[in-house]
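Coordinate analysis (summary)
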Amino acid sequence: MNLERYFHRYGKATFTLFLINVAVYIVEAVLSRNPFWISDNVLSVLGQWNYAVRYLHAWWQPFTAMFVHVNIIHIGFNMYFLLVMGSQLERIIGSRRVAMVYIVSGLAGNILTLFLLPPNVVSAGASGALFGIAGALITITGVVGGNMQMAIINAFVLFLINSFLPGVNAYAHLGGLIAGMLIGYYYGKIIRRKLTWAYAYDYY
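The rules behind the values
Residues numbered from 1 in each chain as written. Predicted model: local features only at pLDDT ≥ 70, side-chain atom pairs only at ≥ 80, totals over all residues. Heavy atoms only, no water. Helix = DSSP H or I, 4+ residues; strand = E, 2+ residues; numbered from the N terminus. Rg over C-alpha atoms; globule rule 2.2 N^0.38 Å. Buried < 20%, exposed > 50% of the residue type's maximum accessible area, 1.4 Å probe, protein only. Contact = heavy atoms within 4.5 Å. Areas by Shrake-Rupley, 256 points an atom, 1.4 Å probe, with all protein chains shown as cover. Expected span 1.5 Å × (residues − 1). pLDDT = per-residue confidence, 0-100. Axes fitted to C-alpha atoms, helices over the stretch in contact; angles between N-to-C directions. Parallel < 35°, antiparallel > 145°, perpendicular 65-115°, else oblique. Nonpolar A, V, L, I, M, F, W, Y, C, P; charged D, E, K, R; others polar. Core = buried A, V, L, I, M, F, W, Y, C linked by side-chain atoms within 4.5 Å. Phe/Tyr/Trp six-rings, centres within 6.5 Å; stacked < 30°, edge-to-face > 60°.

Let us now look at the overall build of the protein chain. Tallying secondary structure elements over the protein chain gives ten helices and two strands in all. Reading the protein chain from its N terminus to its C terminus gives the helix and strand order α-α-α-β-α-α-α-α-β-α-α-α. By the compact-globule yardstick of 17 Å for 204 residues, the protein chain fits well, its C-alpha radius of gyration being 18 Å. With the C-alpha coordinates of the protein chain rotated into their principal frame, the extents come out at 65 × 45 × 30 Å. Counting every position in the protein chain, which comprises 204 residues, the buried fraction comes to 43%. Contacts in the protein chain between residues far apart in sequence, at least 24 positions, make up 76% of those at least 6 positions apart. For the protein chain, the accessible area works out to roughly 11,700 Å², and carbon and sulfur atoms hold 68% of it.

Next comes the structure, spelled out in structure tokens:
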């Protein structure tokens, strides 16, 4: 299997993040002895169990949780959107920056979850990180296109549509989205400035 073409197609950072998520799910499935549904015991160690983070000093969980998924459908949908949106963002801002958006947004969502949901809650998934990638894409488009109002509306609609189904962690989505939008706004300004300079140079 030639992985090089997938790195080229989706981007080095995006496809690496994909492989990490898949590898973690395989470990989860082995530990759970079930490839389709991950056990609560495994999720409480590898995912984010708020009680463990707050009182048992499981400081790694807000980080590891963004690579952990609860079942085969969960990881399937998330990895599809990672490849689609991550590859788009990587073409715009590059590999290191898209990896940074994923990690910062995932942490933002998980930390918000840690403080706003009860101690007994166990959460997992790349959704916060993916909302960050989506938020960055939306905001960059808004800044470069000069229509931030529409970008904010699009982000708000995206949040509403995907955040109020049963079992969905809306706080992770919100934290990831806000973090991604802030990062996207910053890079959108840089891209717009470069485009303005390039246009002025060509014009004169």
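Still to come is the rest of the account.
Compared with the 32 Å implied by 1.5 Å per residue over 22 residues, the 32 Å span of helix H7 (residues 95-116) between its first and last C-alpha is a close match. Burial in H7 covers these residues: Val98, Val101, Tyr102, Ser105, Gly106, Gly109, Asn110, Thr113 and Leu114.

Below, the discussion takes up the confidence of the model for the protein chain. Of all residues in the protein chain, 96% have pLDDT values of 70 or greater, and the mean over the chain is 93. Ranking the helices and strands of the protein chain by mean pLDDT puts helix H2 (residues 12-32) first, with 98, and helix H10 (residues 170-203) last, with 86.

Looking now at the packing of H2 against H7. Between H2 and H7, the least distance of the axes is 7 Å, while the angle of their chain directions is 40 degrees. Considering their axes alone, H2 and H7 lie oblique with respect to each other. Across from Lys12, Ala13, Thr14, Leu17 and Asn21 in H2, the residues of H7 making contact are Ser95, Val98, Ala99 and Tyr102. Per-class residue counts for the contact of H2 with H7 are five nonpolar, three polar and one charged.

All right, on to the nonpolar core then. Of all hydrophobic cores here, the largest spans 33 residues; its most connected members are Leu82, Leu89, Val101, Tyr102 and Ile133. When residues of this core are traced back to their parent elements, those giving at least two are H2, helix H3 (40-46), helix H6 (72-93), H7, helix H8 (127-145) and H10. Residues within four places of Leu82 in sequence aside, it is in contact with Thr14, Leu17, Phe18, Asn21, Ser87, Tyr102, Leu130 and Ile133. Of all hydrophobic cores here, the second largest spans eight residues; its members include Phe131, Ala151, Ala155 and Phe159.

This part is about the packing of aromatic side chains. Under the defined criterion, the tally for this structure stands at twelve aromatic pairs. Relative to Phe15, the ring of Tyr10 has its centre 6.2 Å away and its plane inclined at 10 degrees; by these criteria the two rings are stacked. Given a relative accessible area of 17%, Tyr10 falls into the buried group. Through successive ring pairs, a cluster of aromatic residues spans Tyr6, Phe7, Tyr10, Phe15 and Phe18.

Helix length check: H2 (21 residues) gives 30 Å between terminal C-alpha atoms against 30 Å at 1.5 Å per residue, within 8%. Among all positions in H2, only Ala13, Thr14, Phe15, Leu17, Phe18, Asn21, Tyr25, Glu28, Ala29 and Ser32 are buried. Those residues of H2 hidden inside the fold are in contact with helix H1 (4-10), H3, H6 and H7.

Along the chain, the position of Thr139 falls in helix H8. Each residue touching Thr139, except ones within four places of it in the same chain, is listed here: Met148, Met181, Gly184 and Tyr185.

It is worth spelling out the environment of Gly106 at this point. Here Gly106 lies in helix H7. In this structure, the C-alpha to C-alpha distance between Gly106 and Leu3, residues 103 residues apart in sequence, is 26 Å.

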